[in-house]
Amino acid sequence: MISIDLIQQTAETLMDKAAIEIPDDYLDGLKKTASQEDGDLSSFVLQAMLENYQAAKEDRRAMCGDTGCPRWYVKMGNEAQIEGGAIALEAALRRATANATNGVPLRPNRVHPLWRTDHDNNVGIGAPEIEYGFEPGGDWVDLITVHKGGLFGTDYRMLFPSDGIEGIKRFYLDCLVAFGKRGLACQPAIIGIGLGGSKDTCMVLGKRAACLRVVGDKNPDPKIAALEDEFKELGNSIGMGAMGFVGKSMVIDCNIEVGYCHTGGMQMSVHAFCLSSRRAVARVFGDGRVEYRTDPDWFTDYQRRDTVEWNIPENQTKSA
Amino acid sequence: MEHSGKPNKIRLSTNPTNEALSKLKIGDIVYLDGVVYTGREGVYMRAIEDGEPIPMDLPAESAANFHCSPAAVQNEDGSFNMGAVTATASFRFSKWIGAWFKMSGAKLILGKGGMSPEDYKKHFVPNGAIYLTTVGYGTGALLGRGVKQVRALHWRKELGLAQAIWVIEVENFGPFIVESDLEGNSLFERENAKIAENLSKAYEGTRPAVLKRFGETDDRKDELI
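Remember, predicted model here, so these are calculated numbers, not experimental data.

## Some remarks on the overall build of chain B
Point 1. If you tally the helices and strands in chain B, you get 7 helices and 9 strands.
Point 2. In summary, chain B has a C-alpha radius of gyration of 19 Å against a globular reference of 17 Å for 225 residues, a match within 12%.
Point 3. Its C-alpha atoms put chain B at 65 × 40 × 35 Å along the principal axes.
Point 4. With 225 residues in all, chain B has 55% of them scored as buried.
Point 5. A sequence separation of at least 24 residues applies to 67% of the contacts in chain B between residues at least 6 apart.
Point 6. Roughly 9800 Å² of accessible area belongs to chain B as shown, and the carbon and sulfur atoms make up 49% of that amount.
Point 7. Charge-centre separation for chain B: the mean point of 27 positive side chains lies 3 Å from the mean point of 29 negative side chains.

## Side note on unusual backbone geometry
All names here are of chain B.
Point 1. Residue P59 follows L58 across a cis peptide bond; omega there is 5 degrees.
Point 2. Position of P59 among the secondary structure elements: in the loop between α2 (41–49) and β3 (64–66).
Point 3. Cis peptide bonds are those with omega within 30 degrees of zero, and the linkage from G174 to P175 qualifies with 5 degrees.

## A closer look at the side chain of T14(B)
Residues and elements named next belong to chain B.
Point 1. Residue position: T14 is located in the loop between β1 (9–13) and α1 (18–22).
Point 2. T14 gets classed as buried once you look at its relative accessible area, which sits at 2%.
Point 3. In contact with T14, not counting residues within four places along its chain, are L32, D33, G34, V35, V36, S62, A63, A64, L108 and V170.

## What to know about the layout of surface pockets
All names here are of chain A.
Point 1. There is about 580 Å³ of room inside the second largest pocket.
Point 2. When residues of the lining of the second largest pocket are traced back to their parent elements, those giving at least two are β2 (130–135), α6 (199–211) and β6 (251–259).
Point 3. When residues in the lining of the second largest pocket are grouped by element, the largest group, 4 residues, is from α6.
Point 4. In terms of residue class, the lining of the second largest pocket is built from 11 nonpolar, 6 polar and 7 charged.
Point 5. Each of domain 1 (4–18 + 62–149 + 279–316) and domain 2 (150–273) gives at least three residues to the lining of the second largest pocket.

## A closer look at the pairing of strand β7 (residues 130–134) of chain B
Residues and elements named next belong to chain B.
Point 1. For β7, the tally of buried residues reaches 5 of 5 residues, placing the bulk of the element in the interior.
Point 2. Here β7 shows two buried faces, one formed by I130, L132 and T134 and the other by Y131 and T133.
Point 3. Both strand β6 (residues 108–111) and β7 contribute to a ladder of 4 bridges, which runs parallel. Following the sheet pairing, L108 is matched in β7 by I130.

## Some thoughts on helix α4 (residues 117–124) of chain B
Each α-helix winds once per 3.6 residues, and so residues spaced three or four apart point in a common direction.
All names here are of chain B.
Point 1. Listing the buried residues of α4 in full gives D119, Y120, H123 and F124. The arc that holds the buried residues of α4, viewed along the axis, is 105 degrees, so those residues lie on one side. Within α4, the exposed residues directed more than 90 degrees away from the buried face are E118 and K122.

## Things to note about the interface of chain B and chain A
Point 1. Between chain B and chain A, the residue contacts involve 75 residues of the former and 67 residues of the latter.
Point 2. Here chain B and chain A share an interface that buries about 5600 Å² over both sides, 59% of which is from carbon and sulfur atoms.
Point 3. Scanning the region where chain B abuts chain A turns up 9 salt bridges.
Point 4. Between R207(B) and E166(A) there is a salt bridge whose closest N-O contact spans 3.8 Å.
Point 5. Inspection of the chain B/chain A interface yields 32 residue pairs in polar contact (both at pLDDT 80 or more).
Point 6. Broken down by element, the residue count for the side of chain B that touches chain A peaks at 10 residues, all from helix α7 (residues 187–202) of chain B.
Point 7. Taken together, the residues of the side of chain B that touches chain A break down into 34 nonpolar, 20 polar and 21 charged.

## A word on the sheet that holds β6(A)
Residues and elements named next belong to chain A.
Point 1. Here 4 strands make up an open sheet; going across it, the order is β4-β7-β5-β6 and the pairing mixed. At either end of the open sheet lies a strand with only one pairing partner, and these are β4 (155–159) and β6. Strand-to-strand twist of the sheet, defined as the mean angle between neighbouring strand axes without regard to direction, takes the value 15 degrees.
Point 2. As paired strands, strand β5 (residues 189–196) and strand β7 (residues 266–273) are joined by 6 bridges and run antiparallel to one another. Its bridge partner being in β7, G194 is matched across the sheet by S269.
Point 3. α6 contacts β4, β5, β6 and β7 of the sheet and is inclined by roughly 150 degrees relative to β5.
Point 4. Those strands touched by helix α7 (residues 222–235) are β5 and β6, and its axis lies near 145 degrees from that of β6.

What counts and what doesn't
The numbering scheme is per chain: residues are counted from 1 as the chain's sequence reads. All chains are assigned letters beginning with A, and all ligands numbers beginning with 1, in the order in which they are written. Residues qualify for local features only when their pLDDT is at least 70, as the model is predicted, and side-chain atom pairs are given and counted only at 80 or more; totals for whole chains, interfaces and linings, by contrast, use all residues. Excluding hydrogens and water, the side-chain figures rest on all heavy atoms present in the structure. Helix and strand definitions follow DSSP, with helices as H or I runs of at least four residues and strands as E runs of at least two, each counted in order from the N terminus. In this setup the radius of gyration rests on C-alpha atoms only. A globule is expected at 2.2 Å times the number of residues raised to 0.38. Exposed residues in this analysis have more than 50% of their type's maximum accessible area, buried residues have under 20%, and partly exposed residues fall in between, with area computed by a 1.4 Å probe over protein chains only. Contacts are residue-level and defined by heavy atoms, with any inter-residue pair within 4.5 Å sufficient. Where accessible areas are quoted, they stem from the Shrake-Rupley method and a 1.4 Å probe; at the residue level, only the protein chains shown are allowed to cover. Residues scored as charged are limited to Lys and Arg (positive) and Asp and Glu (negative), so that His and the chain ends carry no count. The location of each charge is read from NZ of Lys, CZ of Arg, CG of Asp or CD of Glu. The distinction between a cavity and a pocket rests on a 1 Å grid over the protein atoms alone: a 1.4 Å probe fits inside a cavity but cannot get out, while a pocket stays open yet meets protein on both sides within 12 Å along at least five of seven lines, and a residue with an atom within 4 Å of a point counts as lining. Grid points are joined across faces, edges and corners, and a volume is the space filled by probe spheres set on the points. Throughout this entry, Asp, Glu, Lys and Arg are counted as charged residues, while Ala, Val, Leu, Ile, Met, Phe, Trp, Tyr, Cys and Pro are counted as nonpolar. The remaining residues, Gly among them, count as polar. Domain borders in the structure are assigned automatically or taken from a domain database. When DSSP finds two or more bridges between two strands, those strands count as paired. The arc under discussion is defined with respect to the helix axis, by the directions toward the C-beta atoms. Accessible surface is computed with a 1.4 Å probe, and the buried area is the amount of it that two parts give up when combined, taken over both parts together. Here, a salt bridge means any side-chain nitrogen of Lys or Arg that lies within 4 Å of a carboxyl oxygen of Asp or Glu. The term polar contact refers here to a pair of N or O atoms within 3.5 Å; inside protein, the definition further demands a hydrogen-donor-capable atom paired with an acceptor-capable atom, and it admits residues adjacent in sequence only when both atoms are side-chain atoms. Each axis is a line fitted through C-alpha atoms, taken for helices only over the stretch in contact, and angles between the N-to-C directions span 0 to 180 degrees.

These values are about where atoms sit, not about what they do.
Written out as structure tokens, the structure is:
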């Protein structure tokens, strides 16, 4: 049984970490990008960002004043049992979000869409979002918080099979050019692309590709992995860098996730996880252990399964 | 690729003289000393559309209007805890900026992403004002370090924490980049134009979508949201 107090306490720590500490994979990616940038202004911006991450950690203050919209991804091992059940879990995550908003502090970004009511705690109708996933085996729950920022950088389009890769590339470039001007996408960013599914799942896939995969990992389908590399290079070749200044720093990494779609369509979404790629992860075990990390490790073989039944791979049968 | 070397770094008062402003070139890096106040759509609507008197002596108190909502809280004892500070995109405030200059006497507009060349020509140049953009746009922690203290918080009840007027004493507050100068030249416009020259190469081998959308453009010089 996983203690609900431990979940809330861990969630509050995660809120703090996500807002303040840039994940190492993104930091390493940005350092590499900065070392290759030769646009003077774009270079200046990247150096300022690197100093900013350092200042945030030293002072324990949020790395960006727009602290994004906190949300939660919860992944449960099939053996996990949570004290008080799912209702208690959701209450704990909402409490942690509200407490951290005043504690870190975070910007109280969440308002009613029409009445602009602000509870000053990032909690309201549908906020924070809490999404779920499950894994075979395991007496643990993964708590993942993502504070994605930005009103700009995301778009969706219904393409068709006849649009092909050339059409996918076109829409990808359209998004980078449109949202990259003046740096509205807060690039360089982790670009997530969702392909297929239906309109809503396509958006979910693309957002998760941007927020729940780390810089440097690859889609297990080698042809998709090749596309990821090609798209990263393509995005960095348009002549635009940080803040939309002349340069070549648009894309720290490009991650693509796919889902089976209607036979006549080819949905596509593009998402940009900005210079403040805020995510933090902890695995809370039934025996009270907590392990912190920055890789959500969301897209497992199980999450990407394409078969009716899930057959546990042989090397996992003993531990499961 | 332009190699004009490292950008100039300049310290500037938040009540700058016209002479100090005239020396600034687009692309210069600026750090501010003095007092800045936040003001965005909530403040503009209340002051301009509702005619509520601004609870500050402007521009004497400050000539620097920051398009910003800080990550900050007011403690129960009335003191403030300001963590990170980051600008919000300014183009959305175009409809109020002319009236705001008349009311506030602002000389510096600080924000994200600049405003349009039309806004600079029509409103900034006649009022002797320039636009400074934040960097990144995520240098919130660095900007937070430049905050000495919160002097006042106005219209907190009426507008909420994010939209209220935060009056902030600052020192070496930056970095900002000079986006528009006294003549209304724009750094973003200049960079957009340079980038647009080479865009067609990146698009080689791509194809427009089979099914078009209303209002769609293929002119990549257009700015779209």
